[in-house]
Each structure stands twice: as C-alpha cells, then as structure tokens.
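# Coordinate analysis (summary)
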Amino acid sequence: METSDIEGDLSSVLYTEDEILAKIASVARQVEIDYAGKDPLLVGVLKGAVMVMADFARELRIPATMDWMAVSSYGSGTKTSGVVRILKDLDADLHGRDVIIVEDIIDSGLTLSWLLDNLKGRGASSVEIFALLRKPEAATVHVDVKYAGFEIPNEFVVGYGLDFDERYRNLRAIGILAPHVYA
Ligand code: 5GP
Ligand code: MG
Ligand code: MG
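An account of the accompanying structure is given in this report. (Residues numbered from 1 in each chain as written. Chains lettered and ligands numbered in written order. Predicted model: local features only at pLDDT ≥ 70, side-chain atom pairs only at ≥ 80, totals over all residues.)

The helix and strand inventory of the protein chain stands at 4 helices and 9 strands. For 183 residues, the compact-globule estimate of 2.2 N^0.38 gives 16 Å, and the C-alpha radius of gyration of the protein chain, at 16 Å, lies within 12% of that figure. On the principal axes, the C-alpha backbone points of the protein chain span a range of 50 × 35 × 25 Å. Counting every position in the protein chain, which comprises 183 residues, the buried fraction comes to 33%. (Helix = DSSP H or I, 4+ residues; strand = E, 2+ residues; numbered from the N terminus. Rg over C-alpha atoms; globule rule 2.2 N^0.38 Å. Buried ≥ 20, exposed ≤ 12 C-beta atoms within 10 Å, placed from the backbone.)

Set out below in structure tokens:
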C-alpha cells in the first residue's frame, strides 16, 4: 500500500486500508447470514460513513438499498456538543424495512442512541447498527451495536471518512492526528 502525503500528519496509523477492508468483509459475511432472504436498507450517516458505506455495500452479496441522513453532533473541533440535529433526512419510507445504520464511529453514543430511537419510531421492522469504530471508554450512553468493527482508545482519530475540520476524510488509513496539526 502506498503512503500518502497527508498520512504524514498522523502520529500513528491504527488501521491500514487492508485491515479496514478485511474487517468490513467479515461483518458483511455475518450480515449475509443474518439477512438472508431479506432486502436490508443501509442508512449511512453523512459524511463520516461515506467510505465505510461504499465498501460495505459493495462487499455484500445480498440485495440491499442505500439511503443517507445527515445529523450534526460535532462542531468543527474535536468535542461533542451533545445536541443532535437533522441536516438531511432520509428519502426512504421505513415502514416494514429492515434497517442497518452504517456509522463510522461511536464515541459518546449520543448520536446513535438518538438516531436509533428516531428510526425505530418510523415503523421499521428492525433497526440494527454497524459501526466501524467504537471508543468504549468514551461511552456516555449504552448503545446496542450488533455489528461492531474495531474498539479503539479514547483518542481523536481521522481518515477513511473521519475528519478534522473537514480534512483527512480522503485518507485511506485510520490514525491519530499528530499534535503539530492542532497547533
Ligand atoms: P457521539 O455522538 O457518539 O459522541 O459521536 C458521534 C460522531 O462524532 C461520529 O459519527 C463522528 O462524526 C464524530 N466523532 C466522534 N469521535 C470522533 C473521532 O475520534 N474522530 C472524528 N473525526 N470524529 C469523531
Ligand atoms: Mg458519524
Ligand atoms: Mg466530523
């Protein structure tokens, strides 16, 4: 795997693209079993989940549809505000659908627990979560995540869709930003 220039802004790489894709493939194999004969609706949470959605959806060998939602919980910095606001709502009617929320990361859990309640209230048959990353030490509220990727330390990470001030989403790897970037 080639190293990109922006990767130089990381103090450490947590997961390479190959490691991320292997994890997504193993989650996809489980989802194929759990949703055999069904047609799940994958709900991606913009913008962080764009990369994981693209790779997860293409890895799935069962029919699936995609829809997107944008909510705000973080400002432009690294701290959660605790306030969830819908910036872009779904196009799909959730009635009778088997929904899988696709998320980049669970930190406090506030965004996902809010989203879970919100989508369950729209008549979906089932709502489950796939979160690529999870910070167990940061949890403020407990959220049942059926499909969890990697457990990571309580550090601010970027790459593979995750941003710092809208940057680094296009990094293939996931890593921890070097302190000089903040300064
Ligand atoms: P929560 O509501 O669980 O605290 O945070 C949810 C959202 O905050 C995530 O979907 C993500 O957009 C953002 N977030 C949480 N932790 C991180 C992190 O370490 N790095 C980045 N880039 N975003 C994060
Ligand atoms: Mg997110
Ligand atoms: Mg962000």
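For the rest of this paragraph, the subject is the sheet that holds strand β1 (residues 10-15). Whenever strands of a sheet pair, they do so through backbone hydrogen bonds, lying parallel or antiparallel. Pairing in this open sheet of 3 strands is antiparallel, and the strands run β1-β9-β8 from one edge to the other. A strand with exactly one partner marks an edge of an open sheet, and here the two such strands are β1 and β8 (157-158). Bridge count between β8 and strand β9 (residues 174-177): 2 bridges; the pairing is antiparallel. The residue bridging Val157 from the neighbouring strand is Ile176, located in β9. (Pairing = 2+ DSSP bridges.)

Our next topic: the site of ligand 1. As a structural note, the neighbourhood of ligand 1 is formed by 20 residues, with Asp107, Ser108, Leu110, Thr111 and Leu162 the closest of them. Mapped by element, the contributors of at least two residues to the shell around ligand 1 are β3 (65-74), β5 (98-106), α3 (110-120) and β8. Of the residues forming the shell around ligand 1, the biggest block, 4 residues, is contributed by β5. Counted by class, the shell around ligand 1 contains 10 nonpolar, 6 polar and 4 charged residues. (Near = placed C-beta within 6 Å. Nonpolar A, V, L, I, M, F, W, Y, C, P; charged D, E, K, R; others polar.)

Our next topic: α3. Among the residues of α3, those classed as buried are Thr111, Leu112 and Leu115. Looking straight down α3, one finds that the buried residues subtend no more than 85° of arc, so they occupy a single side. (Arc of directions from axis to C-beta.)

Below, the discussion takes up the nonpolar core. One finds Val52, Phe56, Ile101, Val102 and Phe130 to be the most contacted residues of the largest nonpolar core, which totals 44 residues. If sequence neighbours within four positions are ignored, Val52 has contacts with Ile24, Val102, Asp104, Leu132 and Gly161. (Core = buried A, V, L, I, M, F, W, Y, C linked by C-beta atoms within 7 Å. Contact = placed C-beta atoms within 7 Å.)

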